[in-house]
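# Structure at a glance
Below, each chain spelled out in residue letters.
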Amino acid sequence: MHSLVSRAAVFAALTTLLALASSPAMAHIDLTAPGIAGTRQILNFQVGHGCAGDDTVRIEIRLPTEITSVRAVPWQFGTAEVQRNAADVPVAVVWTKTDAAPSDDQLYTVSLRVTVPDMPFSTLYFPAIQTCRSASGVETVAEWIGLPGDPDEPAPALRILPRRFPGWNRYTVPAAITSLSIFDDAEIVWQGDAAYSSNPAIMALIESEPGVSVLTEVVPGADVWVRY
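Residues numbered from 1 in each chain as written. Predicted model: local features only at pLDDT ≥ 70, side-chain atom pairs only at ≥ 80, totals over all residues. Heavy atoms only, no water.

### Quick word on the pattern of salt bridges
One pass over the full model with this rule turns up eight salt bridges. Aspartate 88 is the salt-bridge partner of arginine 84, the closest N and O atoms lying 3.9 Å from each other. Take arginine 84: its relative accessible area is 43%, and that puts it in the partly exposed class. Between arginine 170 and aspartate 223 there is a salt bridge, and its shortest N-O distance comes to 2.7 Å. Of this pair, arginine 170 sits in strand β13 (residues 168–172) while aspartate 223 sits in strand β17 (residues 223–227), placing them 53 residues apart in sequence. Among the charged side chains, a salt-bridge network with shared partners connects Arg58, Glu60 and Arg62. (Salt bridge = Lys/Arg side-chain N within 4 Å of Asp/Glu carboxyl O. Buried < 20%, exposed > 50% of the residue type's maximum accessible area, 1.4 Å probe, protein only. Helix = DSSP H or I, 4+ residues; strand = E, 2+ residues; numbered from the N terminus.)

The structure is reproduced here in structure tokens:
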């Protein structure tokens, strides 16, 4: 462990640029940050554009069953509606505005507060329904509801990361991680003699360091050291 930490410390000393937390553009309604397991968090859904030039007037975010409580954040046009099922469990949040803008030139963000489930290294999906309206009053509905492997447009995805502390964190990975972008908000990730970083400068050092290989995936049950 000492050699692992010292080697990573060399990398850290050679750069001050840390990777910022971000989610990949999975859809045109995107979650703008990962979730932290077991914490209360505000999730921001960014509406990238309207529908074929028409303005967005309604956004519905459907909640996965793992989310059992929610508080909606009012947006620019008023309060949101929290829809519940017969058991009084929230199932969706809807934001609506009365009038459409004359053109699709606005960037909207809707937000809600949830308790992120204690499910590190997993992904939750929030199907989204977007309604747009033309200047003549014609409405168009776009559904962002697809799960991995579905033909539908992809639903906004929340990657859940484990709780972390500044500096080194040790995690045991419960399932295979084939995309290390889940660590893109970390400075560096180590497993054995392999390492990964989303920071191009640190990645170049990893590739040039003798005895260090590039980490491309993590197998189930492996221990990884992650520096935030």
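Moving on from the coordinates now.
### Notes on the nonpolar core
Counting 28 residues, the largest nonpolar core has Ile29, Leu43, Phe45, Ile61, Trp95, Leu112 and Phe126 as the members making the most contacts within it. Counting only elements with at least two residues in this core, the list comes to β1 (29–31), β3 (40–47), β4 (55–62), β7 (90–96), β8 (108–115), β10 (128–133), β11 (139–144) and β12 (157–161). No other element matches β8, which puts four residues into this core. (Core = buried A, V, L, I, M, F, W, Y, C linked by side-chain atoms within 4.5 Å.)

### Brief notes about the state of the cysteines
Considering all chains together, one arrives at one disulfide under this definition. With its sulfur 2.1 Å from that of its partner, cysteine 51 forms a disulfide with cysteine 132. Taking the torsion about the sulfur-sulfur bond, which here is approximately 60°, the covalent link between cysteine 51 and cysteine 132 counts as right-handed. Taken together, the residues cysteine 51 in the loop between β3 and β4 and cysteine 132 in strand β10 connect sequence positions 81 residues apart. Considered together, cysteine 51 and cysteine 132 belong to a single accessibility category, that of buried residues. (Disulfide = S-S within 2.5 Å.)

### Brief notes about the sheet that holds strand β16 (residues 213–214)
Strands pair in a sheet through their backbones, by hydrogen bonds, and they do so in one of two ways: parallel or antiparallel. Overall, mixed pairing links the five strands, which are arranged β13-β17-β14-β15-β16 in an open sheet. This sheet does not close on itself; its edge strands, each paired only once, are β13 and β16. Sheet analysis places β13 next to β17, joined by five bridges and oriented antiparallel. Note that in β17 the partner of asparagine 169 across the bridge is valine 226. (Pairing = 2+ DSSP bridges.)

### Remarks on the confidence of the model for the protein
Residues with a pLDDT of 70 or more make up 88% of the protein, whose mean pLDDT is 88. Least confident of the elements in the protein is helix α1 (residues 2–13), whose mean pLDDT is 44; most confident is strand β15 (residues 194–196), at 98. Taken together, the stretch residues 1–27 has pLDDT below 50 and engages in 50 contacts with residues farther than four places along the chain or on a different chain. (pLDDT = per-residue confidence, 0-100. Contact = heavy atoms within 4.5 Å.)

### Things to note about the sheet that holds β7
Spatially, the five strands line up as an open sheet ordered β6-β7-β4-β10-β11, and their pairing is antiparallel. Only two strands of the sheet have a single neighbouring strand rather than two, namely β6 (81–84) and β11. Going from strand to strand, the sheet's axes swing by 20° on average, the running direction of each strand aside. Pairing analysis gives six bridges linking β10 to β11, with the strands arranged antiparallel. Across the sheet, alanine 128 pairs through a bridge with tryptophan 144, a residue of β11. (Axes fitted to C-alpha atoms, helices over the stretch in contact; angles between N-to-C directions.)

### Concerning helix α2 (residues 200–208)
When α2 is considered as a whole, its buried residues turn out to be Ile202, Met203 and Ile206. Projected down its long axis, α2 shows its buried positions confined to an angular sector of 100°, all on one face. Across from the buried face of α2, at angles greater than 90 degrees, the exposed residues are Pro200, Glu207 and Ser208. Capping the start of α2 is the job of one residue whose side-chain oxygen sits 2.9 Å from the backbone nitrogen of alanine 201: asparagine 199. (Arc of directions from axis to C-beta. Polar contact = N/O pair within 3.5 Å; in protein donor to acceptor, adjacent residues only side chain to side chain.)

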